[in-house]
Amino acid sequence: SSDLRFIALSPLLVIAACNGEDVSDVDDNFGVVESIGTADCENLELSDCFYPFPSRHFVRSGQLELPADGLPEGENNDGFSPDSFQRFDAFGAATPILFQLDGAVIPDVAPFDAAPSLSDTPVTVLVNATTGERIPHWVELDYLSANMSPTLFTIRPSIALPRDTEVVVGVLGWTNEAGTAVDAPAPFAALRDETASEWLGVHERREHYETVVFPALEGTGVAREDLQLAWSFPVRTVEDATANMLDVRDAIFEALPATGPEYRIDNLLVCEGNDQPDGCHPSIRVILDGTSFVPSTVEDADELGVRHIRRNEAGEVVVDGVEEWPFRVQIPHSAFDGDAPVPVLQYGHGFLGSGGEANNSWLREMADRIGFVIVSTSMQGMEQNIATTWIGVLLADGGKFPDLQELAMQGVGNQLVHQRMMKTSLAADPEPSLYREDGDLAWDSSRVYYTGNSQGGSVGTVVMGISLDVERGVLGVPGSGYPILLHRSTVFEPFSDIISNAYPEDDAIARFLALLGTGWDDFDPLTFAPHIHGDNLPGTPDHAVILHVAKEDQQVHNEASFISGRTMGASLMVPAVRPVFGLPEATYPSTLGTTVVEVDFGIPDDPTPLDPPPVYEDMPSGGDTHGWLRRFEPAQDQMFHFFATGEVIDVCGGEACVTDGQP
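Residues numbered from 1 in each chain as written. Predicted model: local features only at pLDDT ≥ 70, side-chain atom pairs only at ≥ 80, totals over all residues. Heavy atoms only, no water.

Quick word on the side chain of E406
For E406, the location among the structural elements is in helix α9 (residues 405–423). Buried and without a salt bridge, E406 has R87 as its closest oppositely charged side chain, separated by 5.3 Å. Within the structure, E406 has its side chain in polar contact with the backbone nitrogen of I309 (distance 2.6 Å). Excluding residues that lie within four positions of it along the chain, E406 makes contacts with V298, R307, H308 and I309. (Helix = DSSP H or I, 4+ residues; strand = E, 2+ residues; numbered from the N terminus. Buried < 20%, exposed > 50% of the residue type's maximum accessible area, 1.4 Å probe, protein only. Lys, Arg positive; Asp, Glu negative; His and termini not counted. Salt bridge = Lys/Arg side-chain N within 4 Å of Asp/Glu carboxyl O. Polar contact = N/O pair within 3.5 Å; in protein donor to acceptor, adjacent residues only side chain to side chain. Contact = heavy atoms within 4.5 Å.)

Looking at the nonpolar core
Core analysis: the biggest nonpolar cluster contains 146 residues, and W443 and F523 have the highest contact counts within it. Residue contacts for W443: discarding those within four places in its chain leaves I331, P341, V342, V344, V373, M422, L426, A427 and L434. Counting residues in each nonpolar core, the second largest holds 22 residues, with L345, F372, V474 and M639 among its members. (Core = buried A, V, L, I, M, F, W, Y, C linked by side-chain atoms within 4.5 Å.)

What about the packing of helix α7 (residues 361–371) against helix α16 (residues 633–645)?
Describing two packed helices takes the angle between their axes plus the distance from one axis to the other. Running from N to C, α7 and α16 cross one another at 55°; their axes reach a closest spacing of 12 Å. Taken together, α7 and α16 sit at an angle that is classed as oblique. As for how α7 packs across α16, the hand of that crossing is right-handed. Taken together, the residues of α16 that come into contact with α7 (itself represented by W362, M366, R369 and I370) are E633, Q636, D637, M639 and F640. Residues of the contact of α7 with α16, tallied by class, amount to five nonpolar, one polar and three charged. (Axes fitted to C-alpha atoms, helices over the stretch in contact; angles between N-to-C directions. Parallel < 35°, antiparallel > 145°, perpendicular 65-115°, else oblique. Left-handed = near helix turned anticlockwise from the far one by under 90°. Nonpolar A, V, L, I, M, F, W, Y, C, P; charged D, E, K, R; others polar.)

Digging into the pattern of salt bridges
Using the criterion set out here, one finds 31 salt bridges in the structure. For R224, the salt bridge is made with E194, and the minimal N-O distance between the two is 3.9 Å. Taken together, the positions of R224 in the loop between α4 (206–218) and β8 (227–234) and E194 in the loop between α3 (186–192) and α4 put the pair 30 residues apart, joining distant regions of the chain. Note on accessibility: R224 and E194 belong to one class, buried. With its nearest N and O atoms 2.8 Å apart, the salt bridge here joins R236 to D522. One end of the pair, R236, is in the loop between β8 and α5 (238–255); the other, D522, is in the loop between α13 (508–519) and α14 (525–528), with 286 residues separating them in the sequence. Residue R236 shares its accessibility class with D522, and that shared class is buried. What you see here is one network of salt bridges that share partners, running through R87, R163, R236, D240, D521 and D522.

Observations regarding a negative patch on the surface
There is a patch of like negative charges on the surface, built from D40, E65, D69 and E73. The topology assignment puts E65 in the loop between β2 (63–64) and β3 (97–100). Residue classification places E65 among the partly exposed residues on the basis of a relative accessible area of 33%. (Patch = residues over 30% accessible without salt bridge, like charges linked within 9 Å, V, L, I, M, F, W, Y side chains within 5 Å. Areas by Shrake-Rupley, 256 points an atom, 1.4 Å probe, with all protein chains shown as cover. Charge placed at Lys NZ, Arg CZ, Asp CG, Glu CD.)

Structure follows, in structure tokens:
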């Protein structure tokens, strides 16, 4: 109403009156008709249609409307379509923040150091407009966009962006190479200084700036006149971001038989005596290969090979038929020879890997040494066979990449069904080779746990955030926030080459990853990390996890792990390898619900932290510690003590976990 508009504009009206201006001059943009720029573009900077990003300007009529001029342009395809983003009404919690400031050079700030952003002299400020709190972050140059002019700067939050609020961004104190303060872009200066705007869409933002943007920044001590750039953007709600995954889970479990999922035993190896069949391992006595029949929530593949969630006209997830999905159960000798049945450990594999990773000797040997049954599968939608589809989508239309997460949700559903299977239907199977001499089943169906490494730790965050049957898990070398997780990973390099070839603009990868922060928000571990312990999602029990971090991991940057820990409210166990910003410290033993344990294998600190770590030719694995922690026996023992008791114990003799080289 007109009354509400008067109240909302009242600060501006008061200022105008004090300046002796006619209030109507402000209301009609001082008589100037905006004519510069493109209406769909951001237009707050003069450099690019897309920047700054993300921006409230791109949310119109209750949905994202991305400007065609701002999306990556392809050379040999139809371009980057915005359709898969139109369903979002706000931005994702992992979205990096990109901007340009003509003539500016980046201040002397260190990557991953968020403390300066909370100081009295910040160069960038992020504010939760609902609470008035600053959001910790750092600002950096993008090594993948080094040729951009003006320079592209990236603000990376060190936690998940707060849900269901407006995030306000402020930039101040930036200078050029000569040390002189750079001017604010003219469109923003018109808002800051209350002068006429010549740029399309800028004048209509005055009310929002006067009631949200400037007050939020001023509330943290940032003076309006000091700002060189400021804007805001909304973040999606928890309910919206988690709805798809929860809908898939609930539809699958509602369709399961009361006695547990149906399955078929396809092959059974019994490894005893001198004449053992091919495929046996010295630590394993029984290997069962089977096929589970998981209620299907996904449609057939489209022309690009993408499978979408199946919904009815009311938008509800619909089950139709089953996904016939393979699984493997491996039972060690100790399950039969020990005093009692052993627990079950579900294992999650690495990036675009397979369930075959559960055949690794280190896992089989640990199963026999400690005593547990291994259940594993390939992660549907994120296993090695899907890589061709991913590449095809990137080459044909990178804008459809968010659609790929929908099959991965079915994949998580498969994992959860296998947890239920080990507690119900398979545990009731009469197959004699699954039983001990005393007549008991080889495994204790009441004790099922989860661990995974790399992707298995990252997507394991989703698994542990929504599992109905597993209460404790260990997430090995996990990360969250796909934009930073991929940006700093050595395994992303082949995909970055594909994106660069398909979309040759200097900042195409930066735009792709920024959009991925929203496009994959429904499946990002960062979305589910806050709900593992203490803030459970609907219909979901509480869980407890340890995050195992290997210092100088080349595939999952340590900061991506720490972002997970901060977001889930984890504590850093001490003595620790190093203090970690934003992680409160806790002493051993601990029964806190979420904890971080870091192990240092003696690899030097990365000398170039702005890009993926270097390969050390004279070191095992090139100095990449990514696969080492899972083989570190003290960490294995810590994991199973935690599974059995819920307690995190010291396994490094009262000192920080520092060891010499590859275990």
